[in-house]
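Summary of structural features
The lines below spell out each chain.
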Amino acid sequence: MSILAVLGVVASALSSRLGRFVFLLPAAASIAAAVWFGMQGPAVAAGEILQERIEWMPALDIAIDLRLGALQWLLAMVVLGVGGLIFVYCAWYFESHTLASRTVGLLTGFAASMLLLVLSDDLIVLMVGWELTTIFSYLLVGLNHRSASNRRAAQTALIVTTIGGLTMLTGIMLLKAETGTFSLAATLAEPPQTTAAAWAAALMVVGALSKSAIVPFQYWLPGAMAAPTPVSAFLHAAAMVKAGIFLIAALSPAFVELPWWRWGLVSLGIVTMLLGAVRAMRQLDIKVLLAHGTVSQLGLLVTVLGIGTHASMQAGLTLLAAHAVFKAALFMVVGVVDKSTGTRDLRELGGLARRMPVAAGAAILSAASMAGIPPALGFLGKEAALDAALRDAEGGMLAIGWLAFLGIAVGAALTVAYSLRFVVGTFFGALVTEPKRRSRILVIAPVLLALIGLVGGFSGELISQLLEPQVEAVPAGEDAPQLALWHGFTPALVSSMIAWLLGALVHRSFGGRRRAPHGQDPLERGYHAGMRALDRLAVEVTGRTQTGSLPMHLTTILLVVVAFPGIALLLSGALTSDVRLYDSAGQVATAVIVSIAAIIATTTRGRLKAFMLLSVVGYGVALLFLLHGGPDLALVQALTETVFLVILVLVLRRLPKYFTDRPLRAARYIRAALGIAVGTFAALASLAALQSRTAEPISDGFYRWAYEFGHGANIVNVTLVDIRAWDTLGEVAVVLAAATGVASLIFVRRPTAGALRRSPSATGRRTWLRGAFTSEQLASPVLEMMTRLLFPVMMTVSIYLLAVGHNAPGGGFAGGLVAGIALAVRYLAGGGQELLEAVPFDAGKLLGGGMAVVVLSVIWPVLIGGRIGESYAIEATLPLLGDQKLVTTLFFDIGVWLIVIGAMLDFVRSLGAGIDLHSEQNVAPRPQWRSDRSLPGEGVRR
């Protein structure tokens with residue numbers, strides 16, 4: 001399984017070199033694996049269970065539990081054996097010059113996912129394989145993404161099967177709540193007898209029905225025939241559509257006695273079987289004909305397994321194997337016909353048996369197995385199914401038994417009819433289209449599968465032994481009779497003979513008609529109508545709610561926050577009076593100043609005044625952090641506010657002086673009230689969270705962990721770069737993305753050639769900075785001098801904070817902010833040219849290099865046998881420096897430091913691009929002085 005997954009990636013990379021023959025790599029791996037599984041057959045037949053466990057998420061009780069029983073063995077042989085032959089077929093079906101390199105990778109990835117699905121005992125891992133097969137099916141059906149019909153078919157298949165998969169996941173979680181385990185084997189060993197467990201089984205069956213295209217989900221499968229023929233043969237005939245059948249067979253031993261199980265599955269199976277057969281009789285495209293035939297056969301499998309006895313389990317699994325063999329062969333024959341003649345239309349086919357006798361022979365043998373004609377394997381399964389239904393009717397389940405028997409018999413007759421329609425219409429009669437090319441190698445795989453189906457008919461005893469462990473797991477019914485071609489002149493045989501005769505008559509009466517089929521399936525029309533209605537509803541809702549007004553959107557969000565969680569918080573009783581308002585008078589004074597500044601900021605019109613007041617709020621919060629004993633937080637908050645001020649300086653000149661020149665409206669008081677309500681809710685929610693603690697805080701252990709494996713005294717920094725390094729890695733990735741976004745959204749102008757050629761000596765003015773503004777109007781010697789003095793000091797402080805962060809306040813983030821502020825000050829003093837002198841390369845190199853350092857510092861311990869993100873302390877005595885200790889997480893901090901500097905560099909260069917241009921052109925936007933305030937004695941605006 002893992003080999004197939006890796007091989008999928010490797011094969012995709014080699015596809016351009018090996019061309020179509022790259023499919024021989026997964027073919028060899030699949031066939032070799034099939035041989036190994038085949039060698040386990042005797043052990044499986046003896047009831048032995050092969051198991052392997054790989055721990056995945058122990059805290060959640062999730063592991064990769066692989067379990068090989070009789071049912072799993074059968075599906076694994078289908079996936080690997082039939083899949084291996086399909087890979088061989090692909091090597092001669094596709095053309096190297098048109099082959100997309102992703103094709104082999106997707107098909108191999110599907111095989112690995114399907115194998116994971118059938119071997120997993122853990123239901124969550126099974127669900128992972130289940131959804132992976134859905135994704136691979138979507139990508140393979142939409143392989144020709146330029147075709148609208150392919151995209152539409154892929155989307156339909158994805159939506160329908162994903163809805164079923166999510167329903168199934170709900171059932172799995174409900175079943176886990178009842179059983180306390182995700183293990184399928186443990187659930188089957190002690191089936192829960194509760195109403196919740198019954199609902200869980202029903203939800204899982206819905207997922208199975210959607211995957212196997214059972215009514216009302218049957219319409220997605222014929223549309224999936226837009227995929228290339230090998231994909232249809234593997235996914236939509238042999239393997240993926242069997243996933244739902246596999247799940248029903250696996251759950252039967254535990255839930256077959258539920259009141260709805262037999263009636264529900266048998267009824268849906270019969271409707272699907274008959275509907276698919278009738279629609280197959282009306283198709284002109286032989287591939288779509290086989291697709292509807294697949295729907296019919298899947299309905300037959302659900303009907304037989306739905307009977308829920310020993311005999312029906314044996315018959316159902318035999319039919320499953322037979323269907324995988326004959327339907328994959330038939331699809332590959334369709335590919336041969338299509339390649340040879342260039343058409344799949346029955347109106348343009350006929351008489352090909354004389355030109356393509358080998359392909360015709362494979363088609364006849366496979367169609368005979370599909371129609372249940374002896375001595376093919378399909379006959380064994382069909383005969384056993386009829387016998388199982390009769391046994392059920394005689395064993396007390398009269399109504400369900402006779403319903404299943406009649407449904408299977410009628411379905412068998414219609415299967416004969418569309419099998420004849422396919423074979424006769426394609427290979428017999430007058431030759432309509434002359435084959436344009438020979439495909440001798442292409443027919444090898446379908447011929448082998450047809451022969452396997454023929455030989456399987458004579459292997460009834462062996463098949464019975466292999467399936468016996470799964471058959472015996474079903475609690476209902478008598479012992480299943482051994483499979484054989486001849487049991488005497490039984491009612492099942494008589495029924496089969498009648499079905500052959502009726503099927504021939506139906507074909508004679510209707511099968512020769514070559515008229516176009518009528519429209520879409522009614523359920524398919526309903527699906528598309530529903531999707532169109534959903535799209536229209538989305539457009540209407542979006543048009544009415546997404547007005548483009550940011551204040552309106554924020555008001556709506558905040559109102560919902562206050563109205564629902566806010567009221568629930570007040571009614572919950574989570575708040576108590578045990579609240580300590582402050583620890584010192586300094587906290588009270590700071591809080592008062594912050595509050596006053598915040599209130600004035602909401603009432604001011606001037607942008608500069610508002611920005612200064614917001615800075616007071618920010619620095620006040622930093623002081624509160626310091627008074628609460630959080631120097632790290634205070635340092636970062638103060639530095640962040642400084643960065644905010646620098647950015648405001650860069651953008652303020654591009655904005656009007658005042659926020660608005662319109663009269664103030666009463667709505668502002670409503671918004672103020674809403675703001676107060678949201679702030680109150682945030683404060684109360686924080687108090688409620690602190691007062692509702694029931695378990696010991698996990699952070700209490702940080703004191704010990706910081707010393708034991710973080711090797712640092714600064715708990716905050718150790719937490720960031722060691723204990724929760726994955727979180728920090730995600731956060732710095734966000735910083736990197738933000739810097740990239742700023743650089744791409746804001747047009748960055750590079751310094752012009754003229755600006756680059758200027759030098760301080762050109763103006764005859766002595767400058768304190770090499771790249772400073774050369775215009776006398778813009779020069780500020782005092783600022784240049786102070787910058788020259790402060791820049792090395794700030795960079796030294798930056799490096800100091802980086803170095804000591806593991807044991808004292810500081811760290812890579814704080815140090816990076818200091819360095820970024822130093823670069824920003826240098827820009828403010830000397831412009832873009834001066835910043836270019838300081839950092840003569842692109843900020844992207846700092847960002848990319850920093851991210852690389854961060855990732856490598858997390859991964860490298862694995863190379864020496866450690867864990868991802870593990871830190872090590874290196875202690876040494878150095879001359880002059882004495883005892884020193886280096887903690888390897890310093891490199892993680894260095895990566896963060898580089899990313900922050902790169903982000904600041906990006907921000908400054910991007911936001912200051914316009915200022916550079918104005919400075920070079922000696923122009924600047926004039927401030928806008930408009931306001932609502934009138935001069936004394938005047939009625940005009942100033």
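Keep in mind it's a predicted model, so treat the numbers as computed, not measured. (Residues numbered from 1 in each chain as written. Predicted model: local features only at pLDDT ≥ 70, side-chain atom pairs only at ≥ 80, totals over all residues. Heavy atoms only, no water.)

Time to look at the pattern of salt bridges. When charged atoms on two side chains of opposite charge get close, those side chains can pair. Using the criterion set out here, one finds 13 salt bridges in the structure. Where K339 meets E95, a salt bridge forms, and the shortest distance between an N and an O atom there is 3.8 Å. Taken as a pair, K339 in helix α15 (residues 310–341) and E95 in the loop between α4 (70–93) and α5 (101–119) lie far apart in primary sequence, 244 residues in all. Among the residues examined, E95 registers a relative accessible area of 23% and is labelled partly exposed. (Salt bridge = Lys/Arg side-chain N within 4 Å of Asp/Glu carboxyl O. Helix = DSSP H or I, 4+ residues; strand = E, 2+ residues; numbered from the N terminus. Buried < 20%, exposed > 50% of the residue type's maximum accessible area, 1.4 Å probe, protein only.)

Considering every residue of the chain, the mean pLDDT works out to 85; 90% of them sit at 70 or more. Considering only residues more than four positions removed or in separate chains, one finds that residues 747–766, a stretch of pLDDT under 50, has 28 contacts. Here residues 926–942 scores under 50 on pLDDT; set against residues more than four positions off or in separate chains, the count is 28 contacts. (pLDDT = per-residue confidence, 0-100. Contact = heavy atoms within 4.5 Å.)

Core analysis: the biggest nonpolar cluster contains 181 residues, and F23, L107, W220, F234, W261 and F422 have the highest contact counts within it. Tallying contributions element by element places α15 first for this core, with 19 residues. For W220, the contacting residues outside a window of four places in its chain are T156, A157, V160, T161, S210, K211, A213, H236, M240 and V241. Listed in part, the 42 residues of the second largest apolar core include L817, V818, V858 and L898. (Core = buried A, V, L, I, M, F, W, Y, C linked by side-chain atoms within 4.5 Å.)

What follows covers the packing of α5 against helix α6 (residues 123–141). Where α5 meets α6, the closest approach of the two axes is 8 Å, and the angle between their N-to-C directions is 155°. Here α5 lies roughly antiparallel to α6, going by the angle between them. Handedness of the α5/α6 crossing: left-handed. Facing T103, L106, L107, G109, F110, S113, M114, L116 and L117 of α5, the residues of α6 in contact are V125, L126, V128, G129, W130, L132, T133, F136, L139 and L140. Partitioned by chemical class, the residues of the contact of α5 with α6 number 14 nonpolar, five polar and no charged. (Axes fitted to C-alpha atoms, helices over the stretch in contact; angles between N-to-C directions. Parallel < 35°, antiparallel > 145°, perpendicular 65-115°, else oblique. Left-handed = near helix turned anticlockwise from the far one by under 90°. Nonpolar A, V, L, I, M, F, W, Y, C, P; charged D, E, K, R; others polar.)

Now for the side chain of S183. As for its position among the elements, S183 is in the loop between α7 (148–179) and α8 (184–189). A relative accessible area of 16% places S183 in the buried class. Within the local environment of S183, its side chain forms a polar contact with the backbone nitrogen of A185, the two atoms lying 3.5 Å apart. Within the local environment of S183, its side chain forms a polar contact with the backbone nitrogen of A186, the two atoms lying 3.2 Å apart. (Polar contact = N/O pair within 3.5 Å; in protein donor to acceptor, adjacent residues only side chain to side chain.)

Contact pair α4 / helix α11 (residues 229–238): the axes reach a minimum separation of 9 Å and the direction vectors enclose 170°. The pairing of α4 with α11 is recorded here as roughly antiparallel in orientation. The residues of α11 that touch α4, namely those facing V78, V79, V82, G83, I86, F87, Y89, C90 and Y93, are T229, P230, A233, F234 and A238. Here the residues of the contact of α4 with α11 are counted per class, giving 12 nonpolar, two polar and no charged.

In terms of burial, strand β2 (residues 62–68) is largely enclosed, as five of its seven residues are buried. Where strand β1 (residues 50–57) lies against β2, seven bridges are found, and the strand directions are antiparallel. Across the sheet, E55 pairs through a bridge with A63, a residue of β2. Hairpin connection, β1 to β2: the antiparallel pair is bridged by four residues, and D61 has positive phi, about 60°. (Pairing = 2+ DSSP bridges.)

A cluster of nonpolar side chains, W486, F489, V494, M497, I498, L501, L502 and L505, forms an exposed patch at the surface whose accessible area comes to about 830 Å². By the element assignment, W486 lies in the loop between α20 (460–472) and α21 (491–511). W486 sits in the exposed class, given a relative accessible area of 59%. (Patch = residues over 30% accessible without salt bridge, like charges linked within 9 Å, V, L, I, M, F, W, Y side chains within 5 Å. Areas by Shrake-Rupley, 256 points an atom, 1.4 Å probe, with all protein chains shown as cover.)

Under the criterion given, the structure shown has 12 aromatic pairs. A centroid spacing of 5.4 Å and a plane angle of 15° characterise the contact between F23 and F94, whose relative ring orientation is stacked. Linking F23 in the loop between α1 (2–18) and α2 (24–39) with F94 in the loop between α4 and α5, this pair joins segments that are 71 residues apart in sequence. A relative accessible area of 11% places F94 in the buried class. Between W402 and F405 the ring centres are 5.6 Å apart and the planes differ by 90°, which places this aromatic pair in the edge-to-face class. Here W402 and its partner F405 are both found in helix α18 (residues 398–427), three residues apart, which amounts to about one turn of the helix. Accessibility expressed as a relative area gives 9% for F405, which makes it buried. Three or more aromatic residues joined by ring pairs make a cluster, and in this case those are F23, Y89, Y93 and F94. Its end group placed over the ring of F182, K176 keeps NZ or CZ at 5.2 Å from the ring centre. (Phe/Tyr/Trp six-rings, centres within 6.5 Å; stacked < 30°, edge-to-face > 60°. Lys NZ or Arg CZ within 6 Å of the ring centre and 35° of its normal.)

This next bit is on the environment of V443. Relative to the helices and strands, V443 is located in the loop between α18 and α19 (444–456). For the pair V443 and A359, spaced 84 residues apart in sequence, the C-alpha separation works out to 6.0 Å. If we skip the residues at most four places from it in the chain, V443 touches V336, V358 and A359.

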